[in-house]
Amino acid sequence: MARIEDYAPIVGKGEVESIKELAEHVKGAKVLHVNATKFGGGVAEILSRVVPLATSVGLKAEWETIQGEKEFFFVTKKIHNALQGDGSVFLDEEMMRLYLETNRRNASIIRDDAEVIVIHDPQPLPLIENKKGGKWVWRCHIDTSSPNIEVWSRLSGYVRKYDAAVFSLERYIPKDLQGMRVLIDYPTIDPLAVKNMQLTPTEIQKVLERYGVDPERPIVGQVARFDPWKNPTGAIDVFRMVRNELDNLQLLLIGSFALDDAEGEEWYNKTVKYAGGDKDIHILTNLDGVMDKEVNAFQRSFNAALQLSTREGFGLTVAEALWKGVPVVGTKAGGITLQVIDGVTGYLVDCIEEAAERVKILIKKPWLARELGYAGRQHVKLNFLITKGLKNYLRMHIDLVGK
Ligand code: UDP
């Protein structure tokens, strides 16, 4: 596991020293993170890296996940969709009962001696009912800028019981949280994780060949869960438009099945159907053995990365691509706009046609793609690396419990 000193060659010794100094103030403090899954999606990705790194600077950080039946995750995915703006979601009494009851059954994961308890996303939100001591933080990773009001109003009472709430963007803060301590924090990626570490050209080539992707032809790809908000079929539309002109193009759609995502299978099947057996569209998942190293290799092979989400809390996949020097063509959704600076680290687009035009340009002008990719890496280095995330966490911890 990485130690904080290992990051000095990337972020500089001064930054590492300032993190160690901050950490001194909270040495030995017990912190508990709770989310809904150990695998799949951005939150699991962040916690799998941040918790060990926090431990390495002296915190006693732990990570627990709540357990639930399939029906519970069906309800929580509905809640997730509603908070992202799906107005058609209605939570009936039975759904609410299941949601609250499952959380009640998970009460034992809360350790009474934790000084800070960070609850991630809506699935374990009602655990706050078990608050005895410590400071409780609700870390919301999704875009709550225009939530389904009816569903939000059933949850906001729980949020208000927390000592603080943290969002990824200022405009995600629901208006009715006035008076509460609310913070903004950007998610971050770990440059030393297998997902992001440097790979040799041979390693990349081997992964491509293993999955029948031609390393000598242009590749465009989107890494994302199979989910309506991620718009995998839009990526296929872009591919088809570009291929009308560049007929040797290949598309990679890489998506894992998150254990807490009840819609994954349905959207995977929809995507496969939409691809219609096209041999140049490669749809691959963790069930095909695509894990961190493979995702890393695929991202590095892209001439351009796509992120066509209609809603995106942050989009770690964007930072991951940019860190690898790959420009991103993304929609103007949520966190994508923080990371893709139009014409600098990639292109922000309004529609499929525009995305296709931008992808064409990036394939035809490799020098331009290189320039944008280089700027993207610098942008991530300055703003979205795990060292910054840890530093912000330490500041918040000190702010909540004192030194
Ligand atoms: N991811 C992965 N394999 C896949 C698809 C996604 O490991 O096949 C990872 C991806 O690299 C990123 C995370 O899952 O680290 C997704 O985080 P993001 O913030 O982009 O989206 P979320 O799934 O949380 O909405």
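Rules used in this analysis
Residues numbered from 1 in each chain as written. Predicted model: local features only at pLDDT ≥ 70, side-chain atom pairs only at ≥ 80, totals over all residues. Heavy atoms only, no water. Helix = DSSP H or I, 4+ residues; strand = E, 2+ residues; numbered from the N terminus. Expected span 1.5 Å × (residues − 1). Buried < 20%, exposed > 50% of the residue type's maximum accessible area, 1.4 Å probe, protein only. Arc of directions from axis to C-beta. Contact = heavy atoms within 4.5 Å. Pairing = 2+ DSSP bridges. Axes fitted to C-alpha atoms, helices over the stretch in contact; angles between N-to-C directions. Phe/Tyr/Trp six-rings, centres within 6.5 Å; stacked < 30°, edge-to-face > 60°. Lys NZ or Arg CZ within 6 Å of the ring centre and 35° of its normal. Near = heavy atom within 4 Å. Polar contact = N/O pair within 3.5 Å; in protein donor to acceptor, adjacent residues only side chain to side chain. Areas by Shrake-Rupley, 256 points an atom, 1.4 Å probe, with all protein chains shown as cover. Nonpolar A, V, L, I, M, F, W, Y, C, P; charged D, E, K, R; others polar. Core = buried A, V, L, I, M, F, W, Y, C linked by side-chain atoms within 4.5 Å.

**Examining helix α9 (residues 264–275)**
Helix length check: α9, at 12 residues, gives a terminal C-alpha distance of 16 Å against a target of 16 Å (1.5 Å per residue), a fit within 8%. Looking at α9, one finds that the buried residues are Gly264, Trp267, Thr271 and Ala275. Buried residues in α9, looked at end-on, bunch into an arc of 75 degrees, giving them a common side. Facing away from the buried side of α9, by more than 90 degrees, are the exposed residues Glu265 and Lys273. Buried residues in α9 make contact with α8 (232–243), β8 (250–254) and β9 (281–284).

**Topic: the sheet that holds strand β10 (residues 304–307)**
Each strand in a sheet pairs with its neighbour through backbone hydrogen bonds, running either in the same direction (parallel) or in the opposite one (antiparallel). Spatially, six strands are ordered β9-β8-β7-β10-β11-β12 in an open sheet, and the strand pairing comes out parallel. Looking along the sheet, the strands with just one partner apiece sit at the ends: β9 and β12 (346–349). The average undirected angle you get between the axes of adjacent strands in this sheet is 20 degrees. Relative to β8, strand β7 (residues 219–223) runs parallel, the two being bridged by five bridges. Across the sheet, residue glycine 221 finds its bridge partner in β8, namely leucine 252. Of the strands in this sheet, β7, β10, β11 (328–331) and β12 are in contact with helix α13 (residues 352–364), which crosses β12 at around 165 degrees.

**Describing the packing of aromatic side chains**
Under the defined criterion, the tally for this structure stands at 10 aromatic pairs. Ring geometry for phenylalanine 257 against tyrosine 268: centres 5.5 Å apart, planes inclined by 70 degrees, an arrangement best described as edge-to-face. Linking phenylalanine 257 in the loop between β8 and α9 with tyrosine 268 in helix α9, this pair joins segments that are 11 residues apart in sequence. What links up through ring pairs into an aromatic cluster is the set Phe72, Phe73 and Tyr99. Cation over ring: arginine 358 sits above tyrosine 347, and NZ or CZ is 4.2 Å from the ring centre.

**Some points on the pairing of β7**
Counting buried positions along β7 gives five out of five residues, so the element sits mostly inside the fold. Of the two faces of β7, both are covered, the one formed by Ile219, Gly221 and Val223 as well as the one formed by Val220 and Gln222. The pairing of β7 with β10 spans two bridges and is parallel. Following the sheet pairing, glycine 221 is matched in β10 by alanine 305.

**A closer look at α8**
In this model α8 runs 17 Å from its N-terminal to its C-terminal C-alpha over 12 residues, within 8% of the 16 Å that 1.5 Å per residue would give. Taken residue by residue, α8 has Pro232, Thr233, Gly234, Ala235, Ile236, Val238, Phe239 and Val242 as its buried positions. Buried residues in α8 make contact with β7, β8, α9, β9, β10 and α13.

**Some thoughts on the site of the ligand**
Neighbouring the ligand are 15 residues; Gly42, Arg225, Lys230, Ser256 and Glu320 lie closest to it. Contact between the ligand and lysine 195: an oxygen atom at 3.0 Å from a side-chain N or O atom of the residue. At 2.8 Å, a side-chain N or O of lysine 230 approaches an oxygen atom of the ligand. Protein chains shield 90% of the accessible area of the ligand, which is 540 Å² for the free molecule. Of all the elements in the fold, those that place two or more residues in the shell around the ligand are α3 (42–56) and α11 (316–323). Among the elements that line the shell around the ligand, the one with the most residues is α11, at three residues. Class assignment for the residues of the shell around the ligand results in four nonpolar, six polar and five charged.

**Considerations on the nonpolar core**
Among the nonpolar cores identified, the biggest contains 70 residues, and Phe298 and Leu394 are the most heavily contacted of them. Ranked by the residues each element gives to this core, the list is headed by α3, at eight residues. Not counting residues up to four positions away in its chain, the partners in contact with leucine 394 are Ile19, Leu22, Ala23, Val26 and Leu59. The next biggest cluster of nonpolar side chains, apart from the first, holds 41 residues, and it includes Ile66, Phe72, Leu83 and Ile117.

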